[in-house]
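# Fold and geometry: a report
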Amino acid sequence: MLPTIAWQDDAVVMVDQRKLPTREVYLTCTTPTEIARAIKTMVIRGAPAIGVTAAYGLALGVRRSKAAGTKQLTTEFLKDCDLLAATRPTAVNLFWAIDRMKHVFSEKVLAGASVEDLRQVMLAEAQAIHDEDVASCRAIGKFGGALVPEKAGILTHCNAGALATAGYGTALGVIRGAIEQGRTVSVFADETRPVLQGARLTAWELVRDGIDTTVISDNMAAVLMRQGRINFIVVGADRIAANGDAANKIGTYTVAVLAKEHGIPFYVAAPLSTIDMRTLDGDAIPIEERNRREVTHVGTTQIAPDQAKVYNPAFDVTPHRLIAGIITERGVARAPYTESLQALFDLSAVALAETGDAPVAAGAR
Ligand SMILES: CSC[C@H]1O[C@H](OP(=O)(O)O)[C@H](O)[C@@H]1O
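Residues numbered from 1 in each chain as written. Predicted model: local features only at pLDDT ≥ 70, side-chain atom pairs only at ≥ 80, totals over all residues. Heavy atoms only, no water.

If you look the protein up in an unreviewed UniProt entry, it shows as Methylthioribose-1-phosphate isomerase from Luteitalea pratensis. Under the UniProt heading Pathway (unreviewed entry), the note attached to the protein is "Amino-acid biosynthesis; L-methionine biosynthesis via salvage pathway; L-methionine from S-methyl-5-thio-alpha-D-ribose 1-phosphate: step 1/6." On record in UniProt, under Catalytic activity (unreviewed entry), the comment for the protein is "5-(methylsulfanyl)-alpha-D-ribose 1-phosphate = 5-(methylsulfanyl)-D-ribulose 1-phosphate". (UniProt positions renumbered as here; feature names shortened; annotations may be inferred.)

This part is about the UniProt feature "site: Transition state stabilizer" (unreviewed entry) in the protein. In this numbering, the UniProt entry assigns the feature "site: Transition state stabilizer" (unreviewed entry) to C158. Residue placement: C158 occurs in the loop between β4 (151–156) and α6 (171–180). Ignoring any residue separated from it by four or fewer positions in sequence, one finds C158 in contact with R45, D190, T192, Q197, G198, T202 and K249. (Helix = DSSP H or I, 4+ residues; strand = E, 2+ residues; numbered from the N terminus. Contact = heavy atoms within 4.5 Å.)

Burial along strand β2 (residues 12–15) is two-sided: the residues V12 and M14 and V13 and V15 are all buried. Where strand β1 (residues 5–7) meets β2, three bridges bridge the pair, whose relative direction is antiparallel. Opposite W7, over in β2, you have V12 as the bridge partner. What sits between β1 and β2 in their antiparallel hairpin is a turn of four residues, with D9 showing a positive phi close to 50°. (Buried < 20%, exposed > 50% of the residue type's maximum accessible area, 1.4 Å probe, protein only. Pairing = 2+ DSSP bridges.)

Among the structural elements, S340 can be located in helix α11 (residues 337–346). Taking the relative accessible area as the measure of exposure, S340 reaches 0% and is therefore buried. Taking C-alpha positions, S340 is 14 Å from V268, a pair spaced 72 residues apart along the chain.

Turning our eyes to something else, we now look at unusual backbone geometry. The amide bond that connects R193 to the next residue, P194, takes the cis arrangement and shows omega of 0°. Even without being a glycine, C158 presents a positive backbone phi close to 65°. The phi torsion at L196 lies on the positive side, around 65°, for a residue other than glycine. Structurally, the position occupied by L196 is in the loop between β5 (184–190) and α7 (197–208).

This part takes up the site of the ligand. Taken together, 18 residues form the shell around the ligand, and within it G46, R88, D238, N248 and K249 come nearest. Within the side chain of R45, a nitrogen or oxygen atom sits 2.9 Å from an oxygen atom of the ligand. Between the ligand and the protein, one listed contact pairs an oxygen atom with a side-chain N or O atom of K249 at 2.6 Å. Calculation on the ligand without its partners gives an accessible area of 400 Å², and the protein chains cover 100% of this total. Put simply, the parts of the chain that give the shell around the ligand at least two residues each are α2 (47–64) and β9 (246–249). The residue makeup of the shell around the ligand, split by class, is eight nonpolar, six polar and four charged. In terms of domain composition, the shell around the ligand takes at least three residues from each of domain 1 (5–138) and domain 2 (143–355). (Near = heavy atom within 4 Å. Polar contact = N/O pair within 3.5 Å; in protein donor to acceptor, adjacent residues only side chain to side chain. Areas by Shrake-Rupley, 256 points an atom, 1.4 Å probe, with all protein chains shown as cover. Nonpolar A, V, L, I, M, F, W, Y, C, P; charged D, E, K, R; others polar. Domains from an automatic or database assignment.)

Turning to the nonpolar core, a few remarks are in order. Counting 41 residues, the largest nonpolar core has V12, M14, I35, Y56, F77, M101 and M122 as the members making the most contacts within it. Among the elements that line this core, the one with the most residues is α2, at 11 residues. When residues no more than four places from it in sequence are discounted, the contact partners of M122 are A59, V62, F77, M101, V104 and F105. (Core = buried A, V, L, I, M, F, W, Y, C linked by side-chain atoms within 4.5 Å.)

Let us now look at the side chain of N93. Note on placement: N93 falls in helix α4 (residues 92–110). Taking relative accessible area as the criterion, N93 reaches 1% and is therefore assigned buried. A polar atom in the side chain of N93 sits 3.1 Å from the side chain of S273. Apart from residues lying up to four places away in sequence, N93 is in contact with A47, P48, G51, D238, P271, S273 and T274.

In this structure the tally under the stated criterion is 15 salt bridges. Salt-bridge contacts for D209 lead to R176; the nearest nitrogen and oxygen are separated by 2.7 Å. Separated by 33 residues along the polypeptide, D209 in the loop between α7 and β6 (212–216) and R176 in helix α6 bring together distant segments of the chain. Of the residues examined, D209 reaches a relative accessible area of 42% and is grouped as partly exposed. Look at R176 and you get buried, because its relative accessible area is 11%. Residue R239 is joined to D276 by a salt bridge in which the shortest nitrogen-to-oxygen separation is 3.0 Å. Separated by 37 residues along the polypeptide, R239 in strand β8 (residues 239–241) and D276 in strand β11 (residues 275–276) bring together distant segments of the chain. Overall, D276 belongs to the buried group, its relative accessible area being 7%. (Salt bridge = Lys/Arg side-chain N within 4 Å of Asp/Glu carboxyl O.)

Rendered as structure tokens:
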């Protein structure tokens, strides 16, 4: 398999995740419009992957532009930013990546960069975002893997793996990190209705890695918990609010409530680019509602009558009180989250460099 997303010959190549697990088909995007369509139609999905893809989309636009000067290029660039920002509302990585590309673009223009300079700089920044995300996932795997019991039955929901990131994964990064640290791991993957990212994508990733994986329908998790077959739960996130409330795939809140009932630790794994300190709590996180057909059809098979109403929120919010810890590339944040999450951002480059491994943040164990 090629990586989830790659820059190749001034184009962006990505696996069409709608076709997995049965077909490994690659899509090549050459314009910001094609990138926006790929994000909106979930050819590529997953918060970090969406951010990386949007960054490449902006680089594509700058490199394809016929603008004679930076004034025209700026107009085109800002239009591309708006186009990509309108694709999906919940994953904050999308807006984080666009803001970061905008910041670099404007700094360079103010410094007198030429159109050609900007063509190079914007691609370099997108590639930096890509590389940083893979490094973050590996660090998340290291910190998270250390939390996993020696003999672990791990439940995960949706797909927060290599397919949802630039590689290695967040929640699946914790699973990979645990195995690399010598844990014995069996994974239970919620199928995750209605788009089935768990059955189609998580199971596909894990079995390719030779990891013991059992696919379950979403309504089976409780009985496995009651049977004592699950002792660790880890999921990804699309946006984490300043107080630690976490938006993730619909059904995650259900898993968190069940985990509380059964005394099983429930962790969220996410890079700092998923933490939005400007969103104070989960009630302020915009929740995407998607097309009714995702619920009424499985593939081409209709499973609900046309006359029925459909409610299809793509995400729900898990209150911070249900979260044992938030595993990031700079350590594991514990309640009270506003303080411990801010401490992760405040960790200085010096502190990070001195320890090699990012120290665990204040307020975190
Ligand atoms: C590593 S974040 C992945 C996150 O994104 C998924 O949503 P979608 O497939 O709709 O993009 C899901 O919430 C995952 O946990």
